[in-house]
Amino acid sequence: MSLGTDPLETLEIPDGTTVEEHDLVTDGDVIIGGQSTVEFGVRGRSVIAGERVTFGGDIEAEGDCRLDLLDDVAGNVLVGEDAYLGERVRIGGRLMVSGDLDIGDDVDIAEGFEANGWIVIRNPVPTLVFYFIVLSQLLRLGEQDAADDLAESLSGESPHDPLVIPRNATVSDDSWRVSTPATIGDECRIHGNVRARSIDLGEDNNVFGSLRARDDIVVGPGTRIHGDVTTRNGEVHIKRGARVLGDVSCKDLVFDEDALVDGTMRARGEMRIHRSNLSRTQE
């Protein structure tokens, strides 16, 4: 994971991420910025959340789980390795930890907990706060290599990119709402309308909702959007084999010849059609 800027400045959904029965499921780590609301349960390699994050279901982490102060989990927390709970974390179900448990003051676990390793009662350092203070200082000093090494240490040996949710985000069956750009990988299955500064989707995704952005939107090859695609000031590019089961409204539109739009296409500026049998773009 190479990080040239603050990693919480983009919603990043890696390849193969799915929503399954109200759980957000990914193969890699899950990193969530502070003051976000995730109405799903979360399943991933390791789960790291900043302060005041709310989860609407269970957390299942194959590796570590780090929850900073005032986080709220509606269901159970199941951890395959070590767990770190900051001050005044609330868990509405049961906490099960296969490794060590580092726990802060005033933590409320409604149905009790079990840890197979050491249990230490103290206030752990807020993980994301400390990590991103160090990272931002390295980037400010121009130490790109050191910043990349620090990012690699966070993701460990995982071959998968992390799922990153920026600060103040809202993620639910109804909408994925962020004030940052959004990047979605390949072969993802997402429920909810995506609202972001800009949106870039990879190949063969299924989005059960609409896309709305202030800037550009790219709908990758073979991707299906079950809703409208709308941008206020940007360009929409619908690539080969993609299908939009709704309307498209934008400033400029680039449309591959074998893409499909079931609704109305409205472009206030230019509309360009890419023809696969021509070496140039026909407008």
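From a predicted model like this one, the values you see are computed outputs, not experimental measurements. (Residues numbered from 1 in each chain as written. Predicted model: local features only at pLDDT ≥ 70, side-chain atom pairs only at ≥ 80, totals over all residues. Heavy atoms only, no water.)

## Here we look at the sheet that holds strand E8 (residues 54-55)
Sheet architecture is open: twelve strands sit in the order E17-E14-E11-E8-E5-E21-E22-E25-E28-E31-E34-E37, paired in mixed fashion. Strand pairing shows two members of the sheet lacking a second neighbour, strand E17 (108-109) and strand E37 (265-267), which therefore form its edges. (Pairing = 2+ DSSP bridges. Helix = DSSP H or I, 4+ residues; strand = E, 2+ residues; numbered from the N terminus.)

## Some details on the nonpolar core
Grouped together as the largest cluster of nonpolar side chains are 62 residues, with contacts concentrated most on Phe-55, Leu-67, Leu-85, Trp-176, Leu-211, Ile-238 and Val-248. When residues no more than four places from it in sequence are discounted, the contact partners of Ile-238 are Val-219, Val-244, Val-248, Leu-253, Val-254, Phe-255, Asp-256, Ala-259 and Val-261. (Core = buried A, V, L, I, M, F, W, Y, C linked by side-chain atoms within 4.5 Å. Buried < 20%, exposed > 50% of the residue type's maximum accessible area, 1.4 Å probe, protein only. Contact = heavy atoms within 4.5 Å.)

## Regarding the confidence of the model for the protein
A residue-level look at the protein finds 83% of positions with pLDDT of 70 or above and a mean pLDDT of 87. Confidence over residues 1-5 falls short of pLDDT 50; this stretch has 17 contacts with residues more than four positions distant or in other chains. A low-confidence stretch, residues 278-283 (pLDDT under 50), is modelled with eight contacts involving residues beyond four sequence positions or located in other chains. (pLDDT = per-residue confidence, 0-100.)

## Observations regarding the environment of Thr-10
Secondary-structure assignment places Thr-10 in the segment before strand E1 (11-13). Each C-alpha atom, one on Thr-10 and one on Ala-182, is 5.6 Å from the other, the two residues being 172 residues apart in sequence. Ignoring any residue separated from it by four or fewer positions in sequence, one finds Thr-10 in contact with Val-164, Pro-166, Thr-180, Pro-181, Ala-182 and Thr-183.

## A word on the pattern of salt bridges
Evaluated as defined, the whole model comprises nine salt bridges. When the shortest N-O distance is used, the salt bridge between Glu-51 and Arg-167 registers 3.0 Å. Remark: Arg-167 occurs in the loop between strand E20 (163-165) and strand E21 (170-171) and Glu-51 occurs in the loop between strand E7 (47-49) and E8; sequence separation between them is 116 residues. With a relative accessible area of 38%, Arg-167 lands in the partly exposed category. Shared partners join several salt bridges into a network, and the residues in it are Glu-20, Asp-23 and Arg-43. (Salt bridge = Lys/Arg side-chain N within 4 Å of Asp/Glu carboxyl O.)

## As for the packing of aromatic side chains
For the structure shown, the criterion picks out one aromatic pair. Where Phe-40 meets Trp-176, the ring centres are 6.2 Å apart and the plane angle is 45 degrees; that geometry is what we call tilted. Here Phe-40, found in the loop between strand E5 (37-38) and strand E6 (41-44), pairs with Trp-176, found in strand E22 (residues 175-177); they are 136 residues apart in sequence, far enough to count as distant. One exposure class covers both Phe-40 and Trp-176, and it is buried. Lying across the ring of Tyr-84, Arg-66 places its NZ or CZ 3.8 Å from the centre. (Phe/Tyr/Trp six-rings, centres within 6.5 Å; stacked < 30°, edge-to-face > 60°. Lys NZ or Arg CZ within 6 Å of the ring centre and 35° of its normal.)

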